[in-house]
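Residue-level structural notes
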Amino acid sequence: MNQSTLSSRQQTTIAAEIVRKLGLSAGQKFNQFIDAQHRIVLEPVGDVATAFGALKTKRPFKSVEAETEGMEAAVAKEVALNQQAP
């Protein structure tokens, strides 16, 4: 079992063996939560950019930024419509 220490800056390390097995890299994001046994769980979050190209579409791909802006605009429009509904 690997151990790590929590630093004064609230940081810790992940063992190299775990990093290699999970294919983690610098900048990786994690969801953090406490499970039913009071254990700290770090759940790797997939990068949205890796999902592009997984599904085929008839419209051309622009950029991650443009796609994100379009998605945010669509969500904002839907939220506004839902707030107006009686």
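Refer to the structure presented above.
Since the model is a prediction, treat every value here as computed from it, not as a measurement. (Residues numbered from 1 in each chain as written. Predicted model: local features only at pLDDT ≥ 70, side-chain atom pairs only at ≥ 80, totals over all residues. Heavy atoms only, no water.)

1. Remarks on the overall build of the protein
For the protein, the count of helices and strands is 2 helices and 2 strands. Each helix and strand of the protein, ordered N terminal to C terminal, gives the series α-β-β-α. In the protein, the proportion of contacts linking residues at least 24 apart, taken out of those at least 6 apart, comes to 3%. If you sum the accessible surface of the protein, you get close to 8200 Å²; carbon and sulfur atoms cover 56% of it. (Helix = DSSP H or I, 4+ residues; strand = E, 2+ residues; numbered from the N terminus. Contact = heavy atoms within 4.5 Å. Areas by Shrake-Rupley, 256 points an atom, 1.4 Å probe, with all protein chains shown as cover.)

2. Here we look at the layout of surface pockets
The gaps of empty space that remain are located by a probe, the size of a water molecule, rolled over the atoms. Approximately 720 Å³ is the volume attributed to the largest pocket. As for the largest pocket, its lining consists of 21 residues, and the residues nearest its centre are S4, T12, T13, I14 and L42. Elements with a minimum of two residues in the lining of the largest pocket: α1 (16-22), β1 (29-34) and β2 (40-45). At 4 residues, β2 tops the list of elements feeding residues into the lining of the largest pocket. Looking at the lining of the largest pocket residue by residue, the class counts come to 12 nonpolar, 9 polar and no charged. (1 Å grid on protein atoms, 1.4 Å probe; cavity = no way out; pocket = protein on both sides within 12 Å on 5 of 7 lines; lining within 4 Å. Points joined across faces, edges and corners; volume = space filled by probe spheres on them. Nonpolar A, V, L, I, M, F, W, Y, C, P; charged D, E, K, R; others polar.)

3. What to know about a nonpolar patch on the surface
On the surface, a cluster of nonpolar side chains totalling about 590 Å² of accessible area is made up of I14, I18, L22, I34, I40 and L42. Counting only elements with at least two residues in the nonpolar patch, the list comes to α1 and β2. Secondary-structure assignment places L22 in helix α1. Note on L22: relative accessible area 54%, which makes it exposed. (Patch = residues over 30% accessible without salt bridge, like charges linked within 9 Å, V, L, I, M, F, W, Y side chains within 5 Å. Salt bridge = Lys/Arg side-chain N within 4 Å of Asp/Glu carboxyl O. Buried < 20%, exposed > 50% of the residue type's maximum accessible area, 1.4 Å probe, protein only.)

4. Focus: unusual backbone geometry
Notably, Q10 is not glycine yet its phi reads approximately 65°, a positive angle. On the basis of relative accessible area, Q10 is assigned to the exposed category, the value being 60%. Although it is not a glycine, H38 adopts a positive phi angle of roughly 60°. Considering the arrangement of structural elements, one finds H38 in the loop between β1 and β2. Take H38: its relative accessible area is 70%, and that puts it in the exposed class.

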